[in-house]
There are 2 protein chains.
Amino acid sequence: MRLAPLTLAFGAALVLALPTARAEDPLRAQAKQLFGVIPELAPELPDNPKTAAKVDLGRMLYFDPRLSESHNISCNSCHLIGLGGADGRANSIGHNWQHGARNAPTVFNAIFNTAQFWDGRAKDLKEQAGGPIVNPIEMSITKSHAVAQLKGIPGYAAPFKAAFPGESDPITYGNIERAIAVFESTLITPDAPFDLWLKGDDAALAEPAKKGLAIFIDAGCAACHNGINIGGRMYAPFGVVEKPGWEYLPPNDHGRLAVTNTIADDYVFKVPGLRNVALTAPYFHSGSAWSLTQAVTVMARSQLGKTLSDSEITAIVAFLDSLTGKQPQVVFPILPPSVATTPQPVE
Amino acid sequence: MRLAPLTLAFGAALVLALPTARAEDPLRAQAKQLFGVIPELAPELPDNPKTAAKVDLGRMLYFDPRLSESHNISCNSCHLIGLGGADGRANSIGHNWQHGARNAPTVFNAIFNTAQFWDGRAKDLKEQAGGPIVNPIEMSITKSHAVAQLKGIPGYAAPFKAAFPGESDPITYGNIERAIAVFESTLITPDAPFDLWLKGDDAALAEPAKKGLAIFIDAGCAACHNGINIGGRMYAPFGVVEKPGWEYLPPNDHGRLAVTNTIADDYVFKVPGLRNVALTAPYFHSGSAWSLTQAVTVMARSQLGKTLSDSEITAIVAFLDSLTGKQPQVVFPILPPSVATTPQPVE
């Protein structure tokens, strides 16, 4: 008994000396298992090594409207670097003011998604990058026209050569896709409050956000929205429990059914990542929910069959707000000029 | 007579010791009188002091498509920072894919122009900045809608307060114009080879460009294209000596006549500055000449009544190429996000 105080004192010293031995906050432990921290440096793409020259070229192509038939639309037209990597519209405006069928997903952190587009029809960033360029309602150019366009701009020869050294004819559609994909892979948003908290900074996440995180997990949201991107890893029908109204789920868009031709994929969409979601209203593939409150309410009903209370929704929104990370600082690239022989925009 | 060699030697030593006493290259002396060097720092705008906060706000507004009715068009849509401050199209695409009536002039160095727009209808950058936003075929918003839009984005409150300190209600249309004007005033392109040569660097201008400069002056081009911007200081009829074809001078665009209502201004336009002209094809208010060779040929005939030889034209183009300066490095601004109550794009 007389030794007890000494033992306690010794135990306390041990705890101080070995802080990692402290029992971890159970919520954080659970969150670490379900989600993941955005790394400071983006991972490499398979078979497409990241070099400074390739990032620079990709940045040029990302901002160059001459990759569209009209010379009026670039990747950045619908995935704005300054607007969370999206465009803040229900659907985007493309060639000849045609409207896209779905809401433009953010390009930020897209590298952490399993597949690209709302229906996952592109397996990676490279395949995605090549899609909108040739889509007749988006940038509306052909692959051969895109290649001829860039070959017709003398100042692109050197950047392509630098990005793809050793290739005798580096200006190809595949290399356009590769360079854009590598640039896009750098568009990550580390150090969101949620990440800092996951890494151990107790003060980074305020109480309402922590409460929201707990509800997000307990209510079942994290069953689909998990991983580094808090989503982006799987597909799910919109309306697992209860179909939402047609204003959210337009009947003519059958989602992944068109990709797989499998009836089980009717109205199935990729679960979107929720990183920076506070910056990218409106929500859903239909761009039909203009607030997080509305989006969370609809999701809870349609996917989980739950009617959340106002305070639960407010808490979840506080958690979602904590997913906004450091936005990429991108210098607007100086593009090589067109010359007399450069193909002109098609009217 | 015996002293002569000594005198000569003394004279030679004097020349070496006082290089400024050396007779200046007469071409440079003439060029210095006619033109001007782009300064490293842009001048201040009258009644609109340049502060870091105002430049930052102006940069945000310049890139923010929410200043258009569709949330799809920003200043940068037609005056691309990476394309010489213009868009490389004959005329620009605006709201609902409407086409502008004239070629988008470069925003770079516009601060050095006497007035803005092809017809000079805006007296300065501030007045210009407010025009396209409310033009129904460009960004197509109303002034009150633009103000309500920005007031509806909570993150704009602080930047406006910082840019216009002491104002109780700083989000006004006038302040939108002021901030954009100040940002635009920073978009200058110093250190073109021509500037370096004007400042005394003999090697900066190659022989063909010097020859072209001499022809440019002798042929009479510099009668209109003079000053810091090699133009931008006066108005002139397109076709002083001989009207060009209607493909260059569309009959329905009477130029400055519509501004002054004076018959002497029929088909009169502002003389465009020629800084960075190699980057901003196509040329003329009609955007109808796709090469400098073509533009120089047409100008010589229509404005001077001269048919230049191929070698003269080549030399002038070499001179024009020497007017490309250091392009502005602009970081794409992180724009404040829309929230649930922010006015949505109008479809």
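Here the structure is shown first, and the text comes after it.
This report concerns the structure included in the present document. Note that this is a predicted model, so its numbers are computed, not measured. (Residues numbered from 1 in each chain as written. Chains lettered and ligands numbered in written order. Predicted model: local features only at pLDDT ≥ 70, side-chain atom pairs only at ≥ 80, totals over all residues. Heavy atoms only, no water.)

**Thoughts on the packing of aromatic side chains**
Residue and element names in this part refer to chain A.
Move 1: Under the definition given, this model contains 29 aromatic pairs over all chains.
Move 2: Plain terms: the ring middles of Phe 160 and Phe 164 are 6.4 Å apart, the flat faces sit at 25° to each other, and that makes the pair stacked.
Move 3: Residue class for Phe 160 comes out buried when judged on its relative accessible area of 0%.
Move 4: The exposure class assigned to Phe 164 is buried, which follows from its relative accessible area of 4%.
Move 5: Plain terms: the ring middles of Phe 194 and Trp 197 are 6.2 Å apart, the flat faces sit at 25° to each other, and that makes the pair stacked. (Phe/Tyr/Trp six-rings, centres within 6.5 Å; stacked < 30°, edge-to-face > 60°. Buried < 20%, exposed > 50% of the residue type's maximum accessible area, 1.4 Å probe, protein only.)

**Here's the deal with the state of the cysteines**
Move 1: Under the counting rule described, the total for this entry stands at 0 disulfides over all chains.
Move 2: A:Cys78 carries a free sulfur, and the closest cysteine sulfur to it, the one in A:Cys75, is 9.0 Å from it. (Disulfide = S-S within 2.5 Å.)

**Considering unusual backbone geometry**
Move 1: Look at the link from A:Ala281 to A:Pro282: it is a cis peptide, with omega at 0°.
Move 2: Mapped onto the fold, A:Pro282 is located in the loop between strand S2 (268-270) and helix H12 (292-304).
Move 3: Here B:Asn276, not a glycine, exhibits a phi torsion of approximately 60°, which is positive.
Move 4: You can see B:Asn276 is positioned in the loop between strand S2 (268-270) and helix H12 (292-304). (Helix = DSSP H or I, 4+ residues; strand = E, 2+ residues; numbered from the N terminus.)

**Examining empty space enclosed by the protein**
Move 1: The final tally for this structure, using the stated rule, is 4 cavities of 30 Å³ or more.
Move 2: By volume, the largest cavity is sized at about 400 Å³.
Move 3: If you go around the largest cavity, you meet 28 residues; those closest to its centre are A:Asn72, A:Ser74, A:Ser77, B:Asn72 and B:Ser77.
Move 4: Sorting elements by how many residues they give to the lining of the largest cavity places helix H4 (residues 75-78) of chain A first, with 3 residues. (1 Å grid on protein atoms, 1.4 Å probe; cavity = no way out; pocket = protein on both sides within 12 Å on 5 of 7 lines; lining within 4 Å. Points joined across faces, edges and corners; volume = space filled by probe spheres on them.)

**Things to note about the interface of chain B and chain A**
By convention, interface size is frequently given as the accessible area that disappears when the constituent parts associate.
Move 1: Each partner contributes to the interface: chain B provides 42 residues, whereas chain A provides 42 residues.
Move 2: Taken over both partners, the interface formed by chain B and chain A buries close to 3,400 Å², and the fraction arising from carbon and sulfur atoms is 63%.
Move 3: Linking chain B to chain A there are 2 salt bridges.
Move 4: Linking A:Glu347 and B:Arg89 is a salt bridge whose minimum nitrogen-to-oxygen distance equals 3.0 Å.
Move 5: Summed over the shared surface of chain B and chain A, the number is 10 residue pairs in polar contact (both at pLDDT 80 or more). (Contact = heavy atoms within 4.5 Å. Buried area = accessible area lost by both parts, 1.4 Å probe. Salt bridge = Lys/Arg side-chain N within 4 Å of Asp/Glu carboxyl O. Polar contact = N/O pair within 3.5 Å; in protein donor to acceptor, adjacent residues only side chain to side chain.)

**So, the packing of helix H2 (residues 26-34) of chain A against helix H10 (residues 207-219) of chain A**
All names here are of chain A.
Move 1: Taken N-terminus to C-terminus, the directions of H2 and H10 make an angle of 55°; their axes are 11 Å apart at the nearest point. Judged by the angle between their axes, H2 and H10 are oblique. Relative to H10, the crossing made by H2 is left-handed. Listed contacts from H10 to Leu 27, Gln 30, Ala 31 and Leu 34 of H2 are Lys 210, Leu 213, Ala 214 and Ile 217.
Move 2: For the contact of H2 with H10, the class distribution of residues is 6 nonpolar, 1 polar and 1 charged. (Axes fitted to C-alpha atoms, helices over the stretch in contact; angles between N-to-C directions. Parallel < 35°, antiparallel > 145°, perpendicular 65-115°, else oblique. Left-handed = near helix turned anticlockwise from the far one by under 90°. Nonpolar A, V, L, I, M, F, W, Y, C, P; charged D, E, K, R; others polar.)

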